[in-house]
Amino acid sequence: MKYGELTHFSHPQHKLRFEYKEVPFLCDGCKEAGIGSRYTCTYCDFDLHRHCALPSPSIAHPFYTKCSFQFMSAPPGNVPRFCNACEKDVNGFVYHCNSCGFDLHPGCATLPQVLDDGDMHLYLYRKVGASCHKCGRKGRSWSYRSKCKKYNLHVSCVKEMLVESWHELYFGNFGNKKRLETRIPSLKGTLVNHHKRKGRMRKCCEMAGMAVQVIISAVLGDPTAIIAAVIGSLIPR
C-alpha cells in the first residue's frame, strides 16, 4: 500500500487517498460537512474526514469523565439519535456510550478544547451562562467562548449556519465561470450589524466575526484549512 492510502470498511471496492483541498465536501461516514484534509476515492464521489477514516475504537472525553465512547459505523437501535455536543441528528458514524446512552459525532468528539488564531483564544465549554451571538439563547449545545467572555457561539448554531449557506459554501459564481470554491458562510443575520463601522463598535464586530470564522473552520474538521479565506473575509468593505 502506498503512503497516504488506506482501505476502509465503508468503501472496500477502492483504496482511499489522502488529499488536501480547500473545497468543502460531505463526509460519507458521519454525513457531516468538511473542508481541507480528507481521504477520497479517485473513482467515486466518496470522501471521509480524517477522523472518520482513522477512528479510534474507543475514546474518553473531558466533558463526560464517567463515559467510555465506542466507535460505531451507524447509530445503535432503531430510534432517532442526536449528538450530545451539537444536538443535531446522528445519521452515520458515531461515538456511543453504552452506559449513559450519550452520542457524539466524530467531528464533535474531536473538537479542539482551545482555538488560537494568533489574535484571540476561544475555549470549548459544555455549558455557558452567556447568550449565543447567533441565536441569543443559552441552550444546551456546546459553545466556544472567547477568553474575554464577550463572544460566545453554540456549535449547533455554527452547523445551522453551514446548512443555511451550503449552496453558497459549495458553489461560487465568478463572472461567467462557475466552479467549486471555498466559501465562508456570511455573517449576515449572525451578529449585530447596525453599528456604525468606526471606533470601538467596528472593532467589536470585527473581533466577533473573526471568532465566528475560526469556529467554523474547527467545526468543518480542519482548523488550518481556510486561513486565507478567513483573512479575506475580514478585509473591511
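Residues numbered from 1 in each chain as written. Predicted model: local features only at pLDDT ≥ 70, side-chain atom pairs only at ≥ 80, totals over all residues. Heavy atoms only, no water.

Q: In this structure, what is going on with the overall build of the protein chain? I would like to understand it.
A: Scanning the protein chain from N- to C-terminus turns up 6 helices and 14 strands. The buried share of the protein chain, reckoned over its 237 residues, is 45%. For the protein chain, long-range pairs separated by at least 24 residues make up 46% of all intrachain contacts whose partners lie at least 6 apart in sequence. Summed over all atoms, the accessible surface of the protein chain reaches about 13,000 Å², with 53% contributed by carbon and sulfur. (Helix = DSSP H or I, 4+ residues; strand = E, 2+ residues; numbered from the N terminus. Buried < 20%, exposed > 50% of the residue type's maximum accessible area, 1.4 Å probe, protein only. Contact = heavy atoms within 4.5 Å. Areas by Shrake-Rupley, 256 points an atom, 1.4 Å probe, with all protein chains shown as cover.)

Q: Explain the side chain of Ser143 to me, please; I cannot follow it from the model alone.
A: Counting through the fold element by element, Ser143 comes out in strand E11 (residues 143-146). Beyond its immediate stretch of four places on either side in the chain, Ser143 contacts Tyr123, Leu124, Tyr125, Val128, Asn152, Leu153, His154 and Val155.

Q: Help me out: how do you make sense of the sheet that holds strand E8 (residues 103-104) in this one?
A: Backbone hydrogen bonds are what pair the strands of a sheet, in a parallel or an antiparallel way. Read from one edge to the other, the open sheet built from 4 strands follows the order E5-E6-E7-E8, with strand pairing classed as antiparallel. Edge strands, defined here as strands with exactly one partner in the open sheet, are strand E5 (58-61) and E8. Bridge count between strand E7 (residues 94-97) and E8: 2 bridges; the pairing is antiparallel. Counterpart to Tyr95 in the pairing with E8 is Leu104. (Pairing = 2+ DSSP bridges.)

Q: What is the right way to look at the confidence of the model for the protein chain in this model?
A: A low pLDDT score tells you not to read the predicted coordinates there in detail. When pLDDT is averaged across the protein chain, the result is 77; 71% of the residues are at 70 or more. Note on residues 172-198: pLDDT under 50 across the span, and 60 contacts to partners over four residues away in sequence or across chains. Residue range residues 226-237 is modelled with pLDDT below 50. Its contacts to residues more than four positions away, or to other chains, number 17 contacts. (pLDDT = per-residue confidence, 0-100.)

Q: I would appreciate a short explanation of the packing of aromatic side chains in the present structure.
A: Given two aromatic rings, their pairing is described by the distance between the two centres and the angle made by the two planes. Counting across every chain of the model gives 8 aromatic pairs. Residues Phe71 and Tyr95 carry aromatic rings whose centres are separated by 5.6 Å and whose planes lie at 65° to one another, so their mutual orientation is edge-to-face. Taken as a pair, Phe71 in strand E6 (residues 64-72) and Tyr95 in strand E7 lie far apart in primary sequence, 24 residues in all. Taking the relative accessible area as the measure of exposure, Phe71 reaches 18% and is therefore buried. Following the ring pairs from residue to residue traces out a cluster consisting of Phe63, Tyr64, Phe69, Phe102 and Trp142. (Phe/Tyr/Trp six-rings, centres within 6.5 Å; stacked < 30°, edge-to-face > 60°.)

Q: Even after reading the chapter, I still don't get the pattern of salt bridges, so can you show me in this structure?
A: Side chains bearing opposite charge may pair, as long as their charged atoms lie close to each other. Counted under the stated rule, the structure contains 5 salt bridges. Residue Arg17 pairs with Glu19 through a salt bridge whose shortest N-O separation is 2.4 Å. Using a relative accessible area of 37% as the deciding quantity, one classes Arg17 as partly exposed. Residue Glu19 is classed as buried on the basis of its relative accessible area of 14%. A salt bridge links Glu19 to Lys21; the nearest nitrogen and oxygen atoms lie 3.5 Å apart. One salt-bridge network, in which partners are shared between bridges, spans Arg17, Glu19 and Lys21. (Salt bridge = Lys/Arg side-chain N within 4 Å of Asp/Glu carboxyl O.)

Q: Is there a simple way to explain the environment of Gln113 in this structure?
A: Along the polypeptide, Gln113 turns up in the loop between helix H2 (106-109) and strand E9 (114-116). It is 5.0 Å that separates the C-alpha atoms of Gln113 and Leu124, two residues lying 11 residues apart in sequence.

Q: Teacher, can you tell me more about the sheet that holds strand E1 (residues 5-8) here?
A: In spatial order, the strands read E1-E2-E3-E4; together these 4 strands make up an open sheet with antiparallel pairing. Both edges of this open sheet fall to E1 and strand E4 (47-48), since each of them pairs with a single strand only. Here strand E3 (residues 33-40) pairs with E4 via 2 bridges, running antiparallel. Among the inter-strand pairings, Thr40 is bridged to a residue of E4, identified as Asp47.

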